[in-house]
Every structure is written in C-alpha cells, then in structure tokens.
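Close look at the chain arrangement
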Amino acid sequence: HEWLVAGPFPADTMPASTLVTTAPNTWKLKAPVTVGNEEFLWRPMTNTARLEFTDPVSGSRESGAGWVGAYALCAVEADADLWAEVTVSSGAPGGKFEIQFYLDGQELWDLRLGRETWSPKRLPLRMNPGRHFLLVAARDRRMVPDVSISIRELGRSSGGRVRPVASKSLE
C-alpha cells in the first residue's frame, strides 16, 4: 500500500537506467531517477490496494504512440530468516504489457509477466532479516498496466513476520 513511483517515460530508455544497474543500498531516493536523457523524481503513492501507474504520476495512463514505462518501489522488512511468498496479478489481461520484478537489485525471473504469461503468479523466496526493496519495472504499448502485489510469510494468510515499510521512511 506504500509505494514510490517514477515515470511514465519512453520504455526504450529503461534498460539503460542507473536504477536497475546499481545496488539498492546505493540508491538516493530523494535524487532524480535518470532514464535515458531525462530525470524523474520519485512520487509517493499510498493507501492503494492495486499499484496503478496513473495519477499522481502523470495525470494520464495514455502515452500516445510507442511503449511507455514506469518504475515503482516499495520496501518490506523481515523480522527473521524466513520463507516468503510474493503473489502478483495484473489488471491488464490480453494487453501487450511487460512487468519485471527485482528484489534487492536481483530480477525475479519467475515473476516476470508479459504477453505470453498468466496471472496471478506466485514465487516463494528466502528472505534474510532486515529491509528488502521490491522494484517493479512496467511497460506497455499505450499505457502502463496496473498490478496487485502481496508479500507474506509462507504459510500465513497475512504478512506474518514480513511487514511493509512506509514510503516516507524510504525517502
């Protein structure tokens, strides 16, 4: 429910972004995100059940022609060494969307959503105690898709010993 969002921007500039090529512990979240030749500031998005790359990011999900992309970032803390499950579903079935997920700077390949994939997807993963950053990189032909994401301790109906960190404390 607590996210920092940057974008939207032309998706062909996303692979060269310093955001996906540097470790999360070096990120400066008050500084602009460099994507292509442009810089974007992180904007908070709070109290949302679905992650939608709409207002307050740009005022519109439509980009006109070409691919459009955006990043979203949240943090969770694990109280212990544990197994967690990340569940992701998309509200854009049948679209041309692509969504990539990174945990602490490493892509979660098994969670990648795209034209040929199904939704929802679930991925169990090992989490060490401490803060972890989940980065979502989303792109689509005309609008950036919305996604629903949950992280919880495996075997629990809610978060268990994994809890979100408010976006204000990320800045």
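All of these numbers come straight from a predicted model, not from anything done at the bench.

1. Focus: the pattern of salt bridges
Per the stated rule, a full pass over the model turns up six salt bridges. Residue E77 pairs with R131 through a salt bridge whose shortest N-O separation is 3.4 Å. With E77 in strand β5 (residues 68-78) and R131 in strand β10 (residues 130-140), this pair connects stretches of sequence that are 54 residues apart. For R131, a relative accessible area of 36% translates into the label partly exposed. The shortest N-O distance in the salt bridge between E85 and R152 comes to 2.3 Å.

2. Some points on the sheet that holds strand β9 (residues 121-127)
Across the sheet, which stays open at both edges, the three strands sit in the order β9-β6-β11 with antiparallel pairing between neighbours. The sheet terminates laterally at β9 and β11 (147-153), the two strands that pair on one side only. Going from strand to strand, the sheet's axes swing by 20° on average, the running direction of each strand aside.

3. Topic: the confidence of the model for the protein chain
The predicted coordinates ought not to be read in detail in places where the model reports low pLDDT. Overall, the prediction assigns the protein chain a mean pLDDT of 75, with 71% of residues at 70 or greater. The least confident element of the protein chain, judged by mean pLDDT, is helix α1 (residues 167-170) at 58; the most confident is β9 at 89. Here residues 55-65 is modelled with pLDDT under 50, and outside its nearest four sequence neighbours on either side it reaches 25 contacts, counting other chains as well.

4. Points about the pairing of strand β7 (residues 98-103)
With six bridges joining them, β7 and β10 adopt antiparallel strand pairing. Looking at the pairing, Y102 lines up with L135 of β10. Examined bridge by bridge, β7 and strand β8 (residues 106-107) share two bridges and lie antiparallel to one another. Paired with Y102 across the strands is E107, a residue of β8. Joining the antiparallel neighbours β7 and β8 is a turn of two residues, in which D104 adopts a positive phi near 55°.

5. Considering the nonpolar core
Core analysis: the biggest nonpolar cluster contains 28 residues, and W3, I99, F101, L108, M127, L134 and I149 have the highest contact counts within it. Breaking this core down by element, the ones donating at least two residues are β1 (2-10), β5, β6 (82-90), β7, β9, β10 and β11. Counting 20 residues, the second-largest nonpolar core is a separate cluster that includes L4, V35, W42 and V165.

6. Comments concerning the environment of D110
The topology assignment puts D110 in the loop between β8 and β9. Between the alpha carbons of D110 and P124 there is a distance of 9.8 Å; along the sequence they are 14 residues apart. Sequence-distant contacts of D110, defined by excluding residues within four places in its chain, comprise K121 and L123.

Calculation notes
- Residues numbered from 1 in each chain as written.
- Predicted model: local features only at pLDDT ≥ 70, side-chain atom pairs only at ≥ 80, totals over all residues.
- Heavy atoms only, no water.
- Salt bridge = Lys/Arg side-chain N within 4 Å of Asp/Glu carboxyl O.
- Helix = DSSP H or I, 4+ residues; strand = E, 2+ residues; numbered from the N terminus.
- Buried < 20%, exposed > 50% of the residue type's maximum accessible area, 1.4 Å probe, protein only.
- Pairing = 2+ DSSP bridges.
- Axes fitted to C-alpha atoms, helices over the stretch in contact; angles between N-to-C directions.
- pLDDT = per-residue confidence, 0-100.
- Contact = heavy atoms within 4.5 Å.
- Core = buried A, V, L, I, M, F, W, Y, C linked by side-chain atoms within 4.5 Å.

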